[in-house]
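Letter by letter, the chains look like this.
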Amino acid sequence: MNTADPFGTAALRDGVLAAWRGSPTRFREDANTESDLALVGYADRLLVELAQNAADAAQRAGTPGHLRVTVEAGELRAANTGAPLDAAGVAALAALRASAKRGARGSVGRFGVGFAAVLGVSDAPRVVSTSGGVLFSAERTAHAVAGDPPLRTELRRRGGRPPVLRLVWPTDGEPPPPPGFDTEVRLPLRPGVDPDALLDAFTDEAGDLLLALPWLHRIDIGDRELRREGEDPVLVHDGAELRRWRVVRKAGLLPSTALAGLGAEARPEWNLCWALPVDADGAPQPLAGEVLHAPTPTAERLTLPARLIGTVPVDASRRHVHPGPAADLLLRIAARAYPDLAAALSPDRRTALVPEPGFPAGEIDAALRDAVLDALRAARWLPGATGEEIAPAGAMVLDVPLPQLAALLADVTPNLLDTALAAPRHARALAALGVTRLRPAAIAELLAGLDRPAAWWRSCYAALAPLLDADRAAREELGALPVPLADGRTVTGPRGVLLGDLDVCRDVGADSEGTDVVAVVPAQLRLVHPEAAHPLLERLGARTVGPAELLDALRPAVERSVDDAEDGLDITGLAHVVLSLAQRSGSRPWLGSLALPDETGEPRRADELVLPGGVLRELLAADAPLGVLHPAVAAAHPADALRGVGVLDSFAVLDDPHPQGPDHDLDGEEQWWAETEAAGDDPAPLIAVRDLDLVDDRRWAEALRAIAADPAGLTALRQQAGYTGWWLARNARLGGHPPPYWRLPGAVTLDGLFDPVPAPELPESLLVAAGVRAGLSITGPADAAELLARLADPDRTLTPAVVHAAHAALVAADLDPVELQPPARVRVMTGQVADAGRVAVLDRPWLAAVCPAGELVSGGDPAVLADLLDLPLASERVAPELVDPSAGRLVPWAELVEVVTVCAAAHLPVPPGSVWLHEHLRVRHRGDELPVPFWVAPDGTVHATDPVRAVLHTRQWRRER
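Residues numbered from 1 in each chain as written. Predicted model: local features only at pLDDT ≥ 70, side-chain atom pairs only at ≥ 80, totals over all residues. Heavy atoms only, no water.

Per the secondary structure count, the protein chain includes 33 helices and 41 strands. Its C-alpha atoms give the protein chain a radius of gyration of 49 Å, clearly above 30 Å, the size a compact globule of 961 residues would have. Along the three orthogonal principal directions, the C-alpha set of the protein chain runs to about 135 × 110 × 50 Å. Once local pairs closer than 6 in sequence are excluded, the contacts in the protein chain between residues at least 24 apart make up 64%. For the protein chain, the accessible surface area stands at approximately 43,500 Å², while carbon and sulfur atoms represent 51% of it. Measuring between centres, the 91 positive side-chain charges of the protein chain sit 10 Å from its 131 negative side-chain charges. (Helix = DSSP H or I, 4+ residues; strand = E, 2+ residues; numbered from the N terminus. Rg over C-alpha atoms; globule rule 2.2 N^0.38 Å. Contact = heavy atoms within 4.5 Å. Areas by Shrake-Rupley, 256 points an atom, 1.4 Å probe, with all protein chains shown as cover. Lys, Arg positive; Asp, Glu negative; His and termini not counted. Charge placed at Lys NZ, Arg CZ, Asp CG, Glu CD.)

Before going further, it helps to spend a moment on helix α8 (residues 325-343). Along its 19 residues, α8 runs 28 Å from first to last C-alpha, staying within 8% of the 27 Å computed at 1.5 Å per residue. For α8, the principal kink sits at R336 and spans about 25°; a proline, P339, occurs within the next four residues. (Expected span 1.5 Å × (residues − 1). Bend = angle between axes of the 7 residues up to and from the residue.)

What follows covers the nonpolar core. A general feature of soluble globular proteins is that nonpolar side chains tend to end up buried together. Counting residues in each nonpolar core, the largest one holds 89 residues, and the members touching the most others are W274 and L447. Sort the elements by how many residues they give to this core and α8 lands first, with twelve residues. Core analysis: the next-biggest nonpolar cluster, separate from the first, contains 75 residues, W726, L767, A769 and I778 among them. (Core = buried A, V, L, I, M, F, W, Y, C linked by side-chain atoms within 4.5 Å. Buried < 20%, exposed > 50% of the residue type's maximum accessible area, 1.4 Å probe, protein only.)

As a further point, take the pattern of salt bridges. Across all of its chains, the model carries 53 salt bridges by this definition. In this structure, R224 engages D238 in a salt bridge whose closest nitrogen and oxygen atoms are separated by 2.7 Å. Linking R224 in strand β8 (residues 224-229) with D238 in strand β9 (residues 234-238), this pair joins segments that are 14 residues apart in sequence. The class for R224 is partly exposed, based on a relative accessible area of 37%. The salt bridge partner of R227 is E229, with a shortest N-O separation of 2.4 Å. In this structure, a network of salt bridges that share partners links the residues E72, E75, R77, R126, E174, E184 and R186. (Salt bridge = Lys/Arg side-chain N within 4 Å of Asp/Glu carboxyl O.)

Let us now look at the packing of helix α12 (residues 440-447) against helix α13 (residues 454-470). Relative to each other, α12 and α13 sit at 170°, their axes nearing to 12 Å. Considering the angle they form, α12 stands roughly antiparallel to α13. Of the residues in α13, those touching α12 at P440, I443 and L447 are W456, W457, C460, L464 and L467. Counted by class, the contact of α12 with α13 contains eight nonpolar, no polar and no charged residues. (Axes fitted to C-alpha atoms, helices over the stretch in contact; angles between N-to-C directions. Parallel < 35°, antiparallel > 145°, perpendicular 65-115°, else oblique. Nonpolar A, V, L, I, M, F, W, Y, C, P; charged D, E, K, R; others polar.)

Of the residues in the protein chain, 93% have a pLDDT of 70 or more, and the chain-wide mean is 86. Ignoring residues within four places in sequence, the model shows residues 501-524, a span with pLDDT below 50, making 36 contacts including any to other chains. (pLDDT = per-residue confidence, 0-100.)

On to helix α20 (residues 572-585). With 14 residues, α20 should reach 20 Å at 1.5 Å per residue; the first-to-last C-alpha distance of 20 Å fits that figure. G573, L574, A575, H576, V577, V578, L579, L581 and A582 are the residues of α20 that are buried. At the exit of α20 stands G586, carrying a positive phi of roughly 100°.

This part covers the sheet that holds strand β37 (residues 914-917). What the four strands build is an open sheet, ordered β36-β37-β41-β40; its pairing is mixed. Two strands close off the open sheet at either side, each with one partner strand: β36 (889-892) and β40 (934-936). Here the average twist between neighbouring strands, direction ignored, is 30°. In terms of strand pairing, β37 meets strand β41 (residues 942-944) through two bridges, oriented parallel. Its bridge partner being in β41, L917 is matched across the sheet by A944. (Pairing = 2+ DSSP bridges.)

Let us now look at the environment of D656. Tracing the backbone through its elements, the reader meets D656 in strand β27 (residues 653-656). When the C-alpha positions of D656 and D867 are compared, they lie 44 Å apart, and in sequence the two are 211 residues distant. Sequence-distant contacts of D656, defined by excluding residues within four places in its chain, comprise H664, P685 and L686.

Glancing now at the packing of aromatic side chains. Scanning the model with the defined rule gives ten aromatic pairs in all. Plain terms: the ring middles of W672 and Y723 are 5.9 Å apart, the flat faces sit at 85° to each other, and that makes the pair edge-to-face. Residue W672 is located in helix α23 (residues 669-678), and its partner Y723 is located in helix α26 (residues 723-731); the two are separated by 51 residues in the primary sequence. With relative accessibility at 2%, the residue Y723 sits in the buried group. For the pair W700 and W727, a centre-to-centre distance of 5.8 Å together with 45° between the ring planes defines the contact as tilted. Pair noted here: W700 is in helix α24 (residues 700-709) and W727 is in helix α26, with a separation of 27 residues, a long-range link. Of the two residues, W700 and W727, neither departs from the other in class, the shared state being buried. (Phe/Tyr/Trp six-rings, centres within 6.5 Å; stacked < 30°, edge-to-face > 60°.)

This is the structure we're talking about:
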């Protein structure tokens, strides 16, 4: 062995120089490759590469690694412990396309291509080890190739800059590494490199490197010492500062199929590490803005709360993952290991590891997030209510943290999570994992069908009780909660069950005729088992037994009472008891099904009967399907008790705040519902007067008074877009016609079009609510067709103002002309009726001076009116010519005192521009010359003898232009 050249650098130099001389292109390629590595692949990675090499040396020596970085005499020096430099390492240093780490299992870095990072700060790096030293030099390399003309030419082309790390020389008289270290890299700093800034940057990186490189236990940067302790948790000391990390590490071998496309230098060995910072109490401190470490930082951004460090293959830039089967496999392995990191935390802190919802930072992040979420859903890592860990897939968690309830439900389902996870701070994470939140309704469903002792149910109710205070919707959702009854049955839902003792029912006693109240109550009172009774049931709809509760218990008997009576059963006692209880307890909608005798003795539903002396009886049509209550029954019970079970005295009013559809058996309800929704109105709430279709058409004035006398009826009548007003407008009859056929006596704007209503004694507000017209409104094609028919009726006498207003209302109704049949006869401006074929729509006001008023129609937008009536425009039919237009004088509008005065009085702007004033103004029309007060030429110029009239008549025309 040559002690002066222990690593055989001369042979390495000779080989490289021979290759260069044999092919100058190789020289250029090596220079370009080195430049790419230094400026792209390993730019800003100096400490990373030095630390990787130190960790590799420590691993090969099997001892904890120590790296010290200092600046001495203008040199950056990086000393490390571990295996010293050897010939393979020297060969790797001088090889741009190979690394000595190949075959070293578990190694993350050894002298090789990454050493190019030193060129970012130095042109003459040296490596000194206890086994010898080597140096590189840009100057010596340039001198070595200067004697070869082709290489000298290539060197000139590169500005005298050769590849630095291809020619290696032994050191001569170089001091050994500092005591306690085995190798030192010495980098004379290039001018312009700030050593203090370099050390500061290294200090920022050192802590992360200690975590990423498990064989490296200490890094000194100048006077600053950073060291790591432990395996899990890993403690990173930085002076007085201490950072804790929980870690999970995995390692293995890649199959040969996964190495395809990674090159001959690819190694099958891999290792991965998940790391999460925690505080002194072990509480996680999720990371943000992370990147993939492979094993040192890349440019692949991640949005996971933990750091992933691993030997994931990267491309030549060392910034991005090299796509392929190896990367895919390692990311899947990393994802499967992720739940282990979560499981290492205390149970109530594990959900901090669930990725926050949001957009992925890139393709790698998207793939890794999806895989991590899949792994988290499938692995058993969440704490269960019984203490066992369970997988989120199929797991359930209470919506509110209730430990007592969780303990009970754990006996029902094995998939219930620990109650601590019901806290709101876990909600988003559990939702991302697909964990089912047990709302109260789901709890009730879970309990359905269980066979448990009554005492167990009482414990369950006690555990559920806090839900009612924590969740407003719980009362409704627990409506299907099982309830054990005293007779041994279990029923669904507390609503309708009774709390208390059957003796309470007997306290009601018997009626005056000796009917035993209990004797007519169904045998099963739905009484809660005494050992299960709990206040929760009352809050959910159960009731203590009393008159009202007893009445509710009679509901099944009441609802089948008509059938029972028709089958021959005596329901007299039931009717007496129900009427008595109803008087004390109040009405219920279902009481209308109680069987009562009509005046012939036949059983009828109570809500199909009217009181013998009731207001409604006198208003009904002869064929109305309502009966009259038997006089004896009417005399035996107070009228309010009878009304309480549905017997009609006057009109009944239906009040449904939240109707679900037209299902209330109201006449025409489906049509009203459809029209209301089509108009964009809301059918809710539904307040409707019932049985309107049963009224005698001759009694509608009295019927309207009866409806208005009841506050509820008046409310229904006045409801905007309500059913009652809608029905009355179409079906009620006043003077033999529906209300919209008439107008109010005071509605003079409709004079001639509609006749005054023949019921003037009724209040106008009541008439309007029923549909009598107070003004002209058109609600659709049918209304428009009726208006056109009335306009065409020659027996009606209309003023020109009414005709104009009617046409304007047609235009404003936004009608589709296709839906309207054009009239054969129309009303003209004189108020007379004329054949449509002789008429045109006045669209230019000055044409009225030459066209007979009996041939013109006006009102609203002329173009729209012409479309609706299928008439031509006047300007399309006639084209008079102005005679001698230049005879006048041009005067600005603003100089005409009378024009300015009228505009001010009418709150109109003074027209811009000027007007031609004439002493006499004539137009030629159909061979005649006719005088006109004003005229507008085709170019818009206004001519006038009366400028005030011209202003007033052309202002709308000017706006349209």
